[in-house]
Structures are given as C-alpha cells and as structure tokens.
Amino acid sequence: MMHLACIPNLVGGHLGGWRHKDAFDRPVMNLEAFIEMSQIAERGKFDCVFLADGNGVRDMDRPALFAANHPSARPSFFEPTTLLSAVAMVTKRVGIVATATSTYDEPWMVARRFASMDHISKGRAGWNLVTASNAGDALNFGRSEHMGREDRYARAQEFYEVVAALWDSWADDAFPQDKASGQYLDPTRVRPIDHSGPHFTVKGPLNISRTPQGRPIVFMAGQSAPGMELAARYADALFGAGTTKQDCIDAYADIKGRMARYGRSPDTLKILPGVSVFTGRTAAEAEDLYLELQSLISPALGVHYLSKMLVHDLENLPLDGPLPLDDLAEETLGGSSLRRYIIDMARRDKLTLRETYQRTLPALGGPVFKGSPTQVADEMEDWWRSKAGDGFTIMAPVQPSGLRDFVDLVVPELQRRGIFRKEYETTTLRGHLGLPDAPSRWHAAPKKAERGAA
Ligand SMILES: Cc1cc2nc3c(=O)[nH]c(=O)nc-3n(C[C@H](O)[C@H](O)[C@H](O)COP(=O)(O)O)c2cc1C
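Residues numbered from 1 in each chain as written. Predicted model: local features only at pLDDT ≥ 70, side-chain atom pairs only at ≥ 80, totals over all residues. Heavy atoms only, no water.

## Remarks on the overall build of the protein
Where we set the bar: Helix and strand labels come from DSSP, where a helix needs a run of H or I of at least four residues and a strand needs a run of E of at least two; each type is numbered from the N terminus. C-alpha atoms define the radius of gyration in this analysis, and the globule rule sets the expected value at 2.2 Å times the number of residues to the power 0.38. Three exposure classes are used, based on accessible area relative to the maximum for each residue type with a 1.4 Å probe and protein chains only: buried under 20%, partly exposed in between, and exposed over 50%. Between two residues, a contact is recorded if the distance between any of their heavy atoms is within 4.5 Å. Throughout, the Shrake-Rupley method with a 1.4 Å probe supplies accessible areas, and for residues the shown protein chains are the sole cover considered. We score Asp and Glu as negative and Lys and Arg as positive, and we do not count His or the chain ends. Taken as the charge location is NZ of Lys, CZ of Arg, CG of Asp or CD of Glu.
Scanning the protein from N- to C-terminus turns up 16 helices and 11 strands. Computed over its C-alpha atoms, the radius of gyration of the protein comes to 22 Å, within 12% of the 22 Å expected for a compact globule of 454 residues. Based on the C-alpha atoms only, the size of the protein along its principal axes is roughly 75 × 50 × 40 Å. Looking at the protein residue by residue over its 454 residues, the buried ones come to 57%. Taking all contacts inside the protein whose residues are at least 6 apart in sequence as the whole, residues at least 24 apart take part in 77%. Roughly 19100 Å² of accessible area belongs to the protein as shown, and the carbon and sulfur atoms make up 52% of that amount. Put simply, the protein has 53 plus and 57 minus side-chain charges, and the middle of one group is 5 Å from the middle of the other.

Structure representation (structure tokens):
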C-alpha cells in the first residue's frame, strides 16, 4: 500500500497560494484552521500530517520578500509539538509529525516533548529530526553563525542515540499502579542511561514512561550524503526531495542500499518524496489553478525568492539571461540540498533566470503532479511502482481547498485502484506505516532476570 503524509501549512505550498480566493483568510496563528486541515487529512486516511519548522524569523533583510511571505518562512508559527498535541485531541487516527532540530535543542527536551505527544495522541507521534536549514536560527542560540554540516551531523547522530535511549528508560510494565499493594512503580524496571559523549552528558532516565509506540516515529529530511547516511542508520521515514522521478528513484535506491550495513531491512524505512499536486475535477481546472497562481507572483518577487533559495543575489541580472552557474557552484551553509537541486536543474535544462523561478516556485523545487484526478493518480501510481517512493508527502498549493480536492478527488481514485487504504487498519502511526515494533533494551531482558540482577 502507498503511504501518504501531507503538509497542513495554512499558506499553501505555492508562493501565491495564500492570496488565492479559496485560501484561509487569516492564516496567522489560526488553531481552528490547523484542526480543519488535520481533520480533512484524517478523512482522507492519510498516514500523518507533517509540520516543518524553524527557530527564527527569516528575510528581514529583504523587505519585499519579508512582506510577501513564502511557505517556508513561517514568521509567526505555533511551536509544533504544542500545536499537534491540541490537534491530537480532535482527531483519532491520523499521525502527527513535528519538526525539532538536533542542532539547537537538547536531547532531553526533545525526548520529553515527543514522548508526551505520543502519550497524548495514544501512539500517533512522530519527530522530524532536522539539522536546521535556516542558517539564521543560530543567532537565537548563542552562536554567531550556523554550525558546519559535519558538526551538525556528528551532533545529530549522538542526539538521536540519546533520545532513543531516553525513550527506552522504562520497561513497558514499569508502572503497576497497584492501589491494593501500594506499589506505584517497579524500581527494577527503570534505568538511567548514563550517557557521556562529545556533545552531551545525560544521566537519565526520562521522566516519562515508555510510550504507546515504544518510541515515537523518527522522520528525517536531509538529502546530503551525511543526511542520507543518518537516515539509513536510524530513520523510520524520510520526507524525500527530488526534482524528477529519476532523482527520487536514485535517492530511494541509494538510501535503502545503505541500510544493510546497519543491519536494517529496507522496508523498515518509508521514503515519501514531497510533491505539489494541482488538481481539479478536470485537467483544464487544474491548469487554470496553476496559471492563476502563477499570476499571483510578480517577477520581482520571483527573483527575490530564487535569490534566497540559491543564497545568491540575482537581482540585477536580465530575466531572460542565464543563471551565473559558475558562481553558484560554490557550497553554502544551510538549505543546501534544495539549492543543489535547482542549480542542477538549471544547468541540465539550460534555463534562464525567469524560467528557473517559474519552474521552481510552483513546487518550491520539488516535482509537480498536475491534472485531473485520474492523471494525478496515474503519476502517483507510476512513481510508486517505479520505486521512487513508498508513498508521498503531499503539498497542496492553496489551503484548505487543495487538500480537500486531493482527498475528495484523488484519494478515491487511489482507493479504487487498491493501492491506498479505504479505512485505517491500526491506531498508531507505526501501524499505519507498517513499521516493526520499536526495539527496547528491556525486551532482551526477561523480567525475572532483571529482578535478579537488580
Ligand atoms: C523536504 C525537506 C524538508 C525539510 N524540512 C525542514 C524543516 O522543516 N526545518 C528545517 O530546519 N530543515 C528542514 N529541512 C532541511 C534538512 O532536513 C537539513 O537539516 C538541512 O537541509 C541541512 O542538511 P543538509 O546539509 O543535509 O542539506 C528539510 C529538507 C528537505 C529536503
């Protein structure tokens, strides 16, 4: 079966999305709108909703861009685990995945927030581990610049290991809560983690019992070589990126191919490439939506935004001339995966500046599936059968109409083909994704032996 995540970003996935007549009127800090989106996703039997996040206000140095906003800017945004805990109370089945960075957070705090969310949602929580794409976030955490990639990933690995160990602090049966005997907990069924490494010293145990999923699900999204390696080693799911089907097929084979060296079977990691879906009742309706949204982006904004994505000032260049590819070849700190995809695409397809932003902005660098519900379903099925992904992360250009159209028009077509669930068959995100039980160090130690050893 195909797996589906969606991004319930209220401003939509297109730069002009929030200005569309069908978009939410007041997307800023709108809890009710997030609830509506999550309930639409649940009606569509999505595996999960997925919230991207950062820890800084971006673009203040570029007033035109700052004023116009773009989907990944998030100048005013709920702390994601807080928001999704509220969403958990008004949904029953859909998974809830929030982003938290290993670069500017503490493993103890992340372990605790996500364990709480897993208990609150009764087993639907996921953590998207990122090393942070916005270099400016560093300035809010006592640093003058973003941590280099190698350091970020070394820290991320240890961070993950500490979080996982904290989630395993308690055995499943550690809290008998037996009123009659007076035994609230079993002291032989908990251990500190006593972690001491280059980045963290954490004694543990976590002050939260083992969670319904054993461990919350871990998503990742980094597409650089160290990002893929970390995902191959530890991730349960990956929010993939690629501009073409072939990119996604290559990345899928690459990441799954790396898993054997960590003793993991390839189907224990679900790869869900991000795709922007423009659909309507007919292909013509989808095309009209696409063109209408393109008209909501001015060339000035297009160039501003592409400059930001490429971390390079393109503003004084002719719109119909080439990109300065030689200057762009240099690596930069932060956001580098997407940047590389755009540069490769411009080089490969010999695009002008205008063509590059026109091609990039509808999907913010990712693939676009555009057309009637049948055409979109055809493309999804083809990519899925070609092993470009185990499913998709759906980004709709306008919200809530885009997600609603997807659920009402495309999902039934996928269900009719027998490649997507008609009903939830499990209650946890782990179950929806078809992932094995989380290993716990307590599973290896039978209770009696533990007792004896204590
Ligand atoms: C599809 C996708 C989604 C991402 N979402 C986020 C996010 O929400 N927050 C964030 O800080 N970084 C996000 N990132 C960035 C990466 O996870 C990664 O931390 C960053 O690109 C730097 O790592 P790299 O050097 O491996 O590219 C995302 C990346 C991709 C490809």
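## Some details on the packing of helix α13 (residues 373–385) against helix α14 (residues 401–416)
Put simply, the rule reads: Lines fitted to C-alpha atoms define the axes here, with helix axes fitted over just the stretch in contact, and angles between the N-to-C directions of these axes take values from 0 to 180 degrees. Oblique is the label for any angle not under 35 degrees, not over 145, and not in the 65 to 115 range, which are roughly parallel, roughly antiparallel and roughly perpendicular in turn. Left-handed describes a crossing in which the near helix is turned anticlockwise from the far one by less than a right angle; the clockwise case is right-handed. Classes in brief: Ala, Val, Leu, Ile, Met, Phe, Trp, Tyr, Cys and Pro nonpolar; Asp, Glu, Lys and Arg charged; the others, Gly included, polar.
One way to put it is that α13 packs onto α14 with a least axis distance of 9 Å and a crossing angle of 55 degrees. Relative to α14, α13 is oriented oblique. In the crossing of α13 with α14, the sense of the turn from one axis to the other is right-handed. Contact residues: Pro373, Thr374, Val376, Ala377 and Met380 in α13; Phe406, Leu409, Val410, Glu413 and Leu414 in α14. The residue inventory of the contact of α13 with α14, partitioned by class, reads 8 nonpolar, 1 polar and 1 charged.

## Focus on unusual backbone geometry
For the bond running from Gly204 to Pro205, omega is -5 degrees, close enough to zero to count as cis. Mapped onto the fold, Pro205 is located in the loop between β6 (201–202) and β7 (217–220). Of the consecutive residues Gln399 and Pro400, the connecting peptide bond is found in the cis state with omega at 5 degrees. Relative to the helices and strands, Pro400 is located in the loop between β11 (391–395) and α14. The backbone of Arg74 sits at a positive phi, close to 45 degrees, despite the residue not being glycine. Positionally, Arg74 belongs in the loop between α2 (63–68) and α3 (80–88).

## Quick look at the packing of aromatic side chains
In plain terms, the rule: Two aromatic rings from Phe, Tyr or Trp, using only the six-membered ring of Trp, form a pair when their centres are within 6.5 Å; if the ring planes differ by under 30 degrees the pair is stacked, by over 60 it is edge-to-face, and anything between is tilted. Each ring is checked for a lysine NZ or an arginine CZ that lies within 6 Å of its centre and within 35 degrees of its normal; such an atom marks a charge sitting over the ring.
On inspection of all chains with the given rule, the structure shows 17 aromatic pairs. Taking 5.6 Å as the distance between ring centres and 85 degrees as the angle between the ring planes, the aromatic pair formed by Phe159 and Phe200 counts as edge-to-face. Here the residue Phe159 occupies a position in helix α5 (residues 149–167), and Phe200 occupies one in the loop between β5 (195–196) and β6, the gap between them amounting to 41 residues. When sorted by exposure, Phe159 lands in the same class as Phe200, which is buried. On the numbers, 6.1 Å between centres and 90 degrees between planes, the contact of Phe175 with Tyr184 is edge-to-face. Judged by relative accessible area, Tyr184 falls into the exposed class, the value being 54%. One cation-aromatic arrangement involves Lys370 over Tyr290; the distance from NZ or CZ to the ring centre is 4.5 Å.

## Focus on the pattern of salt bridges
This is how it is decided: Whenever Lys or Arg places a side-chain nitrogen within 4 Å of a carboxyl oxygen from Asp or Glu, that contact is recorded as a salt bridge.
Scanning the entire structure with this criterion turns up 28 salt bridges. Between Lys370 and Glu287 there is a salt bridge whose closest N-O contact spans 2.6 Å. Of the two residues, Lys370 is situated in strand β10 (residues 368–371) and Glu287 in helix α8 (residues 283–294); the sequence distance between them amounts to 83 residues. Each member of the salt-bridge network shares a partner with another, and the members are Asp378, Glu381, Arg385, Glu413, Arg416 and Arg417.

## Here's the deal with the domain arrangement of the protein
Bring the parts together and some accessible area is lost; that lost area is often taken as the interface size. Here is the rule: Marked domain ranges trace back to an automatic or database domain assignment. By convention, the term buried area covers the 1.4 Å-probe accessible surface removed from two parts as they join, with the contributions of both added. Counting of polar contacts relies on pairs of N or O atoms within 3.5 Å, with two restrictions inside protein: one atom must be capable of donating a hydrogen and the other of accepting it, and residues adjacent in sequence are counted only when both atoms are side-chain atoms.
Partitioning the protein into domains gives domain 1 (3–296 + 365–450) and domain 2 (298–360). Facing 27 residues of domain 1, the contacting portion of domain 2 comprises 20 residues. Summed over both partners, the interface of domain 1 with domain 2 buries about 1900 Å², with 57% contributed by carbon and sulfur atoms. Where domain 1 packs against domain 2, one counts 1 salt bridge. We note a salt bridge from Arg62 to Glu315, for which the minimum N-O separation is 3.2 Å. Summed over the shared surface of domain 1 and domain 2, the number is 2 residue pairs in polar contact (both at pLDDT 80 or more). Listed by contribution, the elements that provide at least two residues to the side of domain 1 that touches domain 2 are α2, α5 and α8. The element best represented in the side of domain 1 that touches domain 2 is α2, accounting for 3 residues. Taken together, the residues that form the side of domain 1 that touches domain 2 break down as 9 nonpolar, 12 polar and 6 charged.

## Re a nonpolar patch on the surface
Our working definition: Here, patches come from residues exposed beyond 30% relative accessible area and free of salt bridges, joined within 9 Å for like charges and within 5 Å for nonpolar side chains (Val, Leu, Ile, Met, Phe, Trp, Tyr).
On the surface, Val57, Met60 and Phe66 cluster together into a nonpolar patch covering about 280 Å² of accessible area. Within the fold, Met60 resides in the loop between β2 (48–51) and α2. Here Met60 falls in the exposed class, since its relative accessible area comes to 58%.

## Quick word on the pairing of β7
Put simply, the rule reads: Pairing between two strands is assigned when DSSP locates at least 2 bridges connecting them. Assignment of crossover handedness uses the view with strands pointing away from the viewer, where a clockwise path from the first strand over the helix to the second indicates a right-handed crossover.
Of the two faces of β7, the one holding Ile217 and Phe219 and the one holding Val218 and Met220 are both buried throughout. With 4 bridges connecting them, strand β4 (residues 125–130) and β7 associate as parallel partners. Within β7, the position partnered with Trp127 by the bridge is Val218. Here β7 runs beside strand β8 (residues 237–240); their pairing, made up of 2 bridges, is parallel. Note that in β8 the partner of Met220 across the bridge is Leu238. With helix α6 (residues 225–234) bridging β7 and the parallel β8, this β-α-β connection has right-handed handedness.

## A word on the packing of helix α1 (residues 31–43) against α14
Axis separation between α1 and α14 bottoms out at 9 Å; the angle between their running directions is 15 degrees. Here α1 is positioned roughly parallel relative to α14, judged by the angle of their axes. Our pair here, α1 against α14, has a crossing hand that is left-handed. For the pair α1 and α14, the contacting residues are Glu36, Met37, Ile40, Ala41 and Arg43 in the first and Leu403, Arg404, Val407 and Asp408 in the second. Its residues placed into classes, the contact of α1 with α14 shows 5 nonpolar, no polar and 4 charged.

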